[in-house]
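Coordinate analysis (summary)
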Amino acid sequence: MQDSADDRSRPAPSLLTIATVATAAPMGASVYQERIAERAAQALGDGWGVRRAVFRSMSSSLPGNRRLPFGAVTAASLAIRRQLGRMLFSGETVTHRMNLELPPAPDGDVITIHDVVAWRFPDESPPVAAAAEEARRADAVICVSEFSANEAVELLGIRDPYVVHNGIDDAFFDAAPLAEAERAALRLPERFVLHAGGASSRKNLPALAEAWPLVHRNHPDLTLVLSGPPHPRRTALFDGMPGTQLLGRVADGLVPGLVAGAAAVVVPSLYEGFGLPVLEAMAANVPVVAARTSSLPEVAGVAAVLVEPTGAGIAEGLLAVTGDDSAVTALVAAGRARAAGFTWDASARNHARVWRSVG
């Protein structure tokens, strides 16, 4: 049976494939992937289909629907990776590779660059050998901040990247502190300053370790709580330091309440591509002390105490936000208002504009 004239005139539907890598230890980039993927279809609207391609290693038991020998793929030449990409993504209208380990799609190749730490910091995971050249050849590059976009242009030679800010999970907005039983299970102190995240060199934990005794001397009732996957650098710096607690990795569902219960959140990083913990704390009505570096001023605006990334600077900021000061109340209100402007729905809509531009 032949198609009707109306059917023949209707444009063929476009297809978006969101390609990601399964991980056992999801971090900020994983949150980004899931939040954008779950909103993609609605953001694109009628005429588009959306599917997920979740890659895992050949022996991995993680959830996924495709497998790759990642060791060989990430070490492969540009030509081999392009050939593999043609096999994996043949027929897709637009492919958004959210992990640079994945080979490039032959057409409609979109990538996200959160930061360039792989190229800038030797203690981070090394970059995929072909990734910079593939990024220069991509049909569209999305960066999560103006800072990251400038870094991608200057260091990788990207031309005209799109800047699309991240959003914040709804659970952080006006979150309630953890219930007493949850606090007891984590052995949380009554009053604490929270640092959450990794422990690589760019996180600037030595400066925080230098700052904390100065803060604790003035506020002996405060404890510095450090959450994140176990790391020898964090342990060496803080294990046994008075007034500190190593919390380890906290279940995702408990994180909003953990943040909301803090007297302050500190982000002393030398380098962040976006700095999601800043906005999560603001959404939870918690004052923030952040280093005046990289993307952090762009994200925080005037709604955080921005400091030099030194022990003295961090200590001064923390003392300012943990005292009884009406200015702290105003800072918290400004932070909550600023956080409201960063939503995953808005981020997905801006992603959709990029997808349509190459579809």
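Predicted, not measured: the structure shown is a model, and the values here were computed from it.

Here we take up the layout of surface pockets. The method is simple in principle: a probe with the dimensions of a water molecule rolls over the atoms, and the space it marks as empty is what remains. One number sums up the size of the second largest pocket: a volume of about 190 Å³. The wall of the second largest pocket is formed by L78, R82, R86, P104, A105, P106, D109, E134, R137, A138 and D139. Among the elements of the structure, α4 (78–88) and α6 (131–137) are those that each provide at least two residues to the lining of the second largest pocket. The biggest single contributor to the lining of the second largest pocket is α4, with three residues. Residues that form the lining of the second largest pocket fall into these classes: five nonpolar, no polar and six charged.

At their nearest, the axes of helix α2 (residues 28–44) and helix α16 (residues 344–358) sit 8 Å apart, and the two run at 65° to each other. Between α2 and α16, the angle falls in the class roughly perpendicular. For the pair α2 and α16, the crossing hand works out as right-handed. Where α2 approaches α16, its residues V31, Y32, R35, I36, R39, A40, A43 and L44 are matched on the opposing element by W344, D345, S347, A348, R349, H351, A352, W355 and R356. Tallied by class, the residues present in the contact of α2 with α16 amount to ten nonpolar, two polar and five charged.

What counts and how
Residues numbered from 1 in each chain as written. Predicted model: local features only at pLDDT ≥ 70, side-chain atom pairs only at ≥ 80, totals over all residues. Heavy atoms only, no water. 1 Å grid on protein atoms, 1.4 Å probe; cavity = no way out; pocket = protein on both sides within 12 Å on 5 of 7 lines; lining within 4 Å. Points joined across faces, edges and corners; volume = space filled by probe spheres on them. Helix = DSSP H or I, 4+ residues; strand = E, 2+ residues; numbered from the N terminus. Nonpolar A, V, L, I, M, F, W, Y, C, P; charged D, E, K, R; others polar. Axes fitted to C-alpha atoms, helices over the stretch in contact; angles between N-to-C directions. Parallel < 35°, antiparallel > 145°, perpendicular 65-115°, else oblique. Left-handed = near helix turned anticlockwise from the far one by under 90°. Contact = heavy atoms within 4.5 Å.

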